[in-house]
Amino acid sequence: MTSLNIHGIRFAFGTLTALPVRVSRWDRTTARAGMLCAPLAGLAVGLLAAVPGVLLLLGGAGPLMAAVASAALPAAVTRGLHLDGLADTADGLGSAKPAEDALRIMKQSDVGPFGVITVVLVLLAQVAALAGLYGRGWADGALGTVAAAVTARLALTLASRAGIPPARPEGLGAAVAGTVPPLRALAVCCAVAVCCAGAGALLGGHGAALRHALAVAAGLAAAQLMLRHCVRRFGGVTGDVFGALEETAATAALVALSLG
């Protein structure tokens, strides 16, 4: 179990980030462990993203500059992988073509107008939400950044649960689709929600705890709606769909936190 957990963590970091972690095992068992560990990869990305935002804010920069830094670093840490998936998924959905044709559009290297518009709007929403959080203080901005990153990867744990088919026979979607037992996915969701609520309680009492728990729920709900639509349109999930789910969950969580 210890060896499997280590390989699972390596799988999560090696596939969901661009950090220098080598994936030494690529099988269904390791994929299941990796997707259960996905929130840990989100925690690392969130902590890294919060650092420049906090430093800029404490150094005298405004909340907007801090927000831009915290929104940009996750893209750098993933080499734009999830944003690229979001753009490709938007192009596939926006094409209104049958599943086979839409999947072929998603696999092309270029980005269409639907993809460009979607990425721009999502990044604007993330920056606006983070600016509001940093406007309350560095701790609110940092915790919001971490909570959104963890929720984003948690959405991928749910998307890997049994019953969700892959849209293609190859790629990341095929490797992880249907690997996670639903009860284990639910347990991880509860653990993440409790941790985020606890961190919120340390920051601002019961109200902040509830706000952060609801932000996790909002992120997951938005991602699940996107997941259902993609499965209905494409017949299953792909690596691009996973990227779209990650960005959707992160954005929804940040917007929910900014409304508090």
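Here the structure is shown first, and the text comes after it.
By convention here, each chain's residues receive numbers from 1 onward along its written sequence. Local features are withheld for residues below a pLDDT of 70 in this predicted model, meaning they are given only at 70 or higher, and side-chain atom pairs are given and counted only at 80 or more; totals for whole chains, interfaces and linings count all residues. The side-chain numbers reported here are obtained from all heavy atoms of the structure, hydrogens and water having been left aside.

A. Region of interest: a nonpolar patch on the surface. Each patch is assembled from residues with relative accessible area greater than 30% and no salt bridge, linking like charges that lie within 9 Å and nonpolar side chains (Val, Leu, Ile, Met, Phe, Trp, Tyr) that lie within 5 Å. Per-residue and other accessible areas were derived by the Shrake-Rupley procedure at a 1.4 Å probe size, with only the shown protein chains allowed to occlude residues. Salt bridges, as used here, are contacts in which a Lys or Arg side-chain nitrogen is within 4 Å of a carboxyl oxygen on Asp or Glu. Taken together, the side chains of Val-111, Val-116, Ile-117, Val-120, Leu-121 and Leu-124 define a hydrophobic patch exposed on the protein surface, amounting to about 530 Å² of accessible area. Each helix is a run of DSSP H or I of at least 4 residues and each strand a run of E of at least 2, with the numbering of both proceeding from the N terminus. Following the sequence through the fold, Leu-121 ends up in helix 7 (residues 113-136). Type-normalised accessible area, obtained with a 1.4 Å probe on protein chains alone, sets the label of each residue: buried when under 20%, exposed when over 50%, and partly exposed for intermediate values. With a relative accessible area of 53%, Leu-121 lands in the exposed category.

B. Region of the structure containing helix 3 (residues 38-58). Between its first and last C-alpha, helix 3 extends 31 Å over 21 residues, near the 30 Å set by a 1.5 Å rise per residue. All of the buried residues in helix 3 are Ala-38, Pro-39, Ala-41, Gly-42, Val-45, Gly-46, Ala-49, Ala-50, Gly-53, Val-54 and Leu-57. After helix 3 finishes, the residue Gly-60 shows a positive phi value of roughly 110°. Given the number of residues in a helix, its expected span is that number minus one, multiplied by 1.5 Å.

C. Quick peek at the pattern of salt bridges. Per the counting criterion, the structure on display carries 3 salt bridges. For Arg-104, the salt bridge goes to Asp-101, with nearest N and O atoms at 2.5 Å. With Arg-104 and Asp-101 both in helix 6 (residues 99-107) and 3 residues apart, the pair spans about one turn of that helix. What makes Asp-101 partly exposed here is its relative accessible area of 25%. In this structure, Glu-170 engages Lys-107 in a salt bridge whose closest nitrogen and oxygen atoms are separated by 3.3 Å. Here Glu-170, found in the loop between helix 8 (138-159) and helix 9 (172-176), pairs with Lys-107, found in helix 6; they are 63 residues apart in sequence, far enough to count as distant. When its relative accessible area of 40% is taken as the criterion, Glu-170 is described as partly exposed.

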